[in-house]
Amino acid sequence: MNVIPLSDDAADLATAGGKGASLARLVRAGLPVPGGFCVTTGAYRDFVSRGGLHEEIMRAVADLPADRAARRIAGLFASREVPGETAAEILAAHAKLGGEDHDVPVAVRSSATAEDLPGMSFAGQQDTYLNVRAGGLVAAVARCWASLWTERAIAYRTGQGVPHDDVALAVVVQELVPADAAGVMFTADPVSGVRDRIVVNASWGLGEAVVGGQVTPDTVVVDRSTGEVAEEHVADKAVMTVRTPGGTREEPVPDDLRRRPVLDRALALRLARLGEEIEELYGTPMDVEWALHDGTLHILQARPVTGLRRPVEEWNDSLKGDYLWTSANLGEAIPDVMTPCTWSVVRLFITEAMSASAMPGFDLVGNIGGRFYMNLSVMYSFAAALGMKGRLGATEQVFGRLPAGLDVPPLPASRWEIIRAVLPMAFTLRRRVRVNLARMPAFLATARERNARLRGRIAGTTSPAELAALWEEELLPYLTEACRVLEAAGRQGGATLVMTRDRLRGLVGEVDAEAMLTGAGADGELASLGPIVGLGRLARGEIDRETFAREYGHRGPHEFELSSPRPGEDPRWIDAQLAAMSGVEDREEELFARRREAGEAAWRRFGERFPRRVAAMRRRVARWSLVVRDREATRSEVIRAFWAVRDLVLRAGELTGRGDDLFFLSIQEVVALLRGDESPLDRVAVRRATYERYAALPAYPTLIAGRFDPERWAADPGRRRDLFDARGGGVPVSETVTGFPGAPGIVEGTARVIDSPEDGDRLAPGEILVTTLTNIGWTPMFPRAAAVVTDMGAPLSHASIVARELGIPAVVGTGNATMRLRDGDRIRVDGEHGTVEVLAS
């Protein structure tokens, strides 16, 4: 049969094409679809089978470019008549439409077999004809058939891998609704992908002006959760599509209608309810064309929304207020976009290891686009309230220097509000530090064995409930104790780390001061040097891989991220590091020996100048070294505890059968799942999409002032890596590359700009490492580097500490090194004065 009613059960994709099959589905569901019929794909195939037309079409498509093939095929169709029996069936079906009006005006629309399929958008690629009557109906059908072979349609099918030989075209003929208004409805937000918003576009007249983009329509947004209109934007609608005796045309909208809302709220909600019915019928967000006549709504067609962005959450604490955020210091140790599980455990870490951050109403740390940031507005406001602005120089030693002219937005709180919040917290903190410092030696003495035992227990669990109990009774208390001991280690001695270094620099200058302070890592005592020492021992055959994994395998470039394998789990990481060390296996021992000699010489010079101060200064430096070692050792054990948490999440994925889905739950939700609550799993898909959205963006600026949109920033060709200031104006990027003297010494060499530690094999021995930041995962590269230059960092950052221990010149916290230095530049690094000079590009 060449013609079937739209309601016919035979109106499937193969027979009626995508549009026809969709309309038939709507009709059978009782939705208000205008009456009509379908000229089947059988009629098309019969037409092209006559006189060798199909073979000629295939030859044109195979042999000619799309534009020439389209012209050739258009001529072939124009030279042939529609078979008489098909034409008769079309006219007979049309005569049955419209009741007493046997020549009812109709819309004639193409319906291809590859149309309206999920993941493809053939909309508008074949032709539509409006206000057609009996005299022009058969010719309109033939023109629709020909539109299967336009240049655009041929090119799109080729690009999508749809074989031309397999396509055919049906034609839908429907009564034309004499629309007072019409438009398009999306049952999910087509821009954001949010599924709880229905977006309606509406304009006067027929819908072609909306679909074709000739008019800016009204927009009404309906919130599905409340069933109410959430937003309404009335446009200035300049043109409308109207019927004419020969078809349609655009004409100006009457002045009294241009700025009048097309839909009142009641109509918008009626339309939205129809949209929900259609989406429920199809099980996916839908793009619906509709029309309104005499108060009655009609559905003209519906297809799945293509290219719909997956729904996502917003992870953006910069929207909480106008603050200054930095990713320096701890953000250097957590450089990646965090999975939700990681962020939840990092928050636990912050609560216990930085208990002073718990000022009600203000967050010292935040998640901006999935990345870790600290709120400098909190620190600066605390200092101002307590009359300690003069000590903010110590903050620079930790977080780096702010660009000249950059104002720090204050907290929206009075001085007395801040004091009332801070003072009780300060007394509590002193007690915490005292108690946990006393516990630190015993904790460090047993931490490795405790971790190994816990990881073994995790691997041996056999039920979700058993694993949940292990978290609550053993692993969480262990992690909490590790974090509290780290806090105590970092706060012992007050400002010892900053004041000792400044005192020495004032007495003997930068070079001798740094030489006298080194040695904290002698014999591998400094945990940040662990990967260097361990790999060196492994390369020389002093230890085996199992020992390396047990003692050093928890430290790496992504050590806070729970979803990332640790070096101890990844033989390929170890292989890559050993390969890069080929020929320089003893390099770190040579550097340590040279540094010890420099330190001894500096102490001799100090003794000659200040003989009465030597003993006191040695005690002060010993205290400095103890603080550094304790801080590094406790931090290392926190990371070892994070490895145990990773093991727990992996085991939970095995026991529940949900694998890595669990990294997209908070740790609290993982435990709830282990207890039998499966509701958190509903959030996995959205959170995974959110994570992937943020992870696809470049790393954000070190400093963010005000409200920050990661995607808008990433799309800006003029974006900066050092600073984003939503207040406008802004501080210009410096033309020179200067920063903190990280470690003294002057060296010239080739700049090797490296974005991630995974690209570390690009750094050849004797080249200068230039990068945004470093953490312990970069440490294995340092012995090969002649010098180190970073955008981020400060004198107490990882790059500075490790470079000083190895005697490698370093300039850190430049803010602009990766913007100003190009890979392969010949540069001079002066680590004593904190300058970098380009010698040749």
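Look above for the structure.
What counts, and where the lines are drawn
Residues numbered from 1 in each chain as written. Predicted model: local features only at pLDDT ≥ 70, side-chain atom pairs only at ≥ 80, totals over all residues. Heavy atoms only, no water. Helix = DSSP H or I, 4+ residues; strand = E, 2+ residues; numbered from the N terminus. Buried < 20%, exposed > 50% of the residue type's maximum accessible area, 1.4 Å probe, protein only. Contact = heavy atoms within 4.5 Å. Areas by Shrake-Rupley, 256 points an atom, 1.4 Å probe, with all protein chains shown as cover. Lys, Arg positive; Asp, Glu negative; His and termini not counted. Charge placed at Lys NZ, Arg CZ, Asp CG, Glu CD. Pairing = 2+ DSSP bridges. Patch = residues over 30% accessible without salt bridge, like charges linked within 9 Å, V, L, I, M, F, W, Y side chains within 5 Å. Salt bridge = Lys/Arg side-chain N within 4 Å of Asp/Glu carboxyl O. Expected span 1.5 Å × (residues − 1). Axes fitted to C-alpha atoms, helices over the stretch in contact; angles between N-to-C directions. Disulfide = S-S within 2.5 Å. Core = buried A, V, L, I, M, F, W, Y, C linked by side-chain atoms within 4.5 Å.

1. Observations regarding the overall build of the protein chain
Here comes step 1: Tallying secondary structure elements over the protein chain gives 27 helices and 28 strands in all.
Here comes step 2: A total of 841 residues make up the protein chain; the buried ones form 54% of that total.
Here comes step 3: Partitioning the intrachain contacts of the protein chain with sequence separation of at least 6 by distance along the chain shows that 68% fall at a separation of at least 24.
Here comes step 4: Surface exposure of the protein chain reaches about 35000 Å², of which carbon and sulfur atoms provide 50%.
Here comes step 5: Averaged over its 100 positive side-chain charges, the protein chain has a centre that lies 8 Å from the centre of its 115 negative ones.

2. Some words on the pairing of strand β27 (residues 826-830)
Here comes step 1: Note: strand β23 (residues 746-753) against β27, five bridges, orientation antiparallel. Paired with Ile746 across the strands is Asp830, a residue of β27.
Here comes step 2: Between β27 and strand β28 (residues 835-840), which follow one another and run antiparallel, lie four residues, and Gly834 among them has a positive phi close to 70°.

3. Here's the deal with a negative patch on the surface
Here comes step 1: There is a patch of like negative charges on the surface, built from Asp755, Glu758, Asp759 and Asp761.
Here comes step 2: Among the secondary structure elements, Asp759 is positioned in the loop between β23 and β24 (768-771).
Here comes step 3: On the basis of relative accessible area, Asp759 is assigned to the partly exposed category, the value being 32%.

4. A look at helix α21 (residues 587-609)
One full turn of an α-helix is made of 3.6 residues, so residues set three or four places apart face in the same direction.
Here comes step 1: With 23 residues, α21 extends 33 Å between its outermost C-alpha atoms, agreeing within 8% with the 33 Å of an ideal straight helix rising 1.5 Å per residue.
Here comes step 2: Residues of α21 that are buried include every one of Glu588, Leu591, Phe592, Arg595, Gly599, Ala601, Ala602, Trp603 and Phe606, and no others.

5. A closer look at the sheet that holds strand β13 (residues 296-304)
Here comes step 1: Spatial strand order, β9-β8-β7-β6-β12-β13: six strands in an open sheet with antiparallel pairing. Bordering the open sheet on either side are β9 (228-233) and β13, each of which pairs with just one other strand. The sheet shows a mean angle of 20° between the axes of neighbouring strands, taken without regard to direction.
Here comes step 2: By the bridge criterion, six bridges tie strand β6 (residues 181-186) to strand β12 (residues 286-293) in an arrangement that is antiparallel. Residue pairing in the sheet places Val184 in a bridge with Glu289 of β12.
Here comes step 3: Contacting β6, β7 (197-204), β8 (218-223), β9, β12 and β13, helix α10 (residues 265-282) crosses the sheet at an angle of about 35° to β13.

6. Thoughts on unusual backbone geometry
Here comes step 1: In this model, Asn131 sits at a positive phi of 55°, which is unusual for a non-glycine residue.
Here comes step 2: Mapped onto the elements, Asn131 comes out in strand β4 (residues 128-132).
Here comes step 3: Owing to a relative accessible area of 8%, Asn131 belongs among the buried residues under this scheme.
Here comes step 4: One non-glycine residue, Asn329, lies in positive phi territory at about 65°.

7. Some points on the sheet that holds strand β5 (residues 169-175)
Here comes step 1: Ordered by their spatial adjacency, five strands build an open sheet running β1-β2-β5-β3-β4, and the pairing between neighbours is antiparallel. Across the chains shown, the open sheet's two edge strands, defined by having one partner strand only, are β1 (3-5) and β4. Ignoring strand direction, the axes of neighbouring strands in this sheet form an average angle of 25°.
Here comes step 2: As defined by bridge partners, strand β3 (residues 106-112) adjoins β5 across seven bridges and the pair is classed as antiparallel.

8. Let's talk about the state of the cysteines
Here comes step 1: One pass over the structure, following the stated rule, counts zero disulfides.
Here comes step 2: In this structure Cys38 is a free cysteine whose sulfur lies 11 Å from that of Cys144, the closest cysteine sulfur available.
Here comes step 3: With relative accessibility at 0%, the residue Cys38 sits in the buried group.
Here comes step 4: Of the residues examined, Cys144 reaches a relative accessible area of 0% and is grouped as buried.

9. What to know about the nonpolar core
Here comes step 1: Counting residues in hydrophobic clusters, the biggest one holds 87 residues, and the most contacted among them are Phe349 and Phe372.
Here comes step 2: Of the residues forming this core, the biggest block, 12 residues, is contributed by helix α16 (residues 464-491).
Here comes step 3: If we skip the residues at most four places from it in the chain, Phe349 touches Leu330, Met354, Cys483, Leu486, Phe560, Val638 and Phe642.
Here comes step 4: Ranked by size, the runner-up nonpolar core spans 51 residues in total, among them Val628, Phe740, Ala803 and Leu806.

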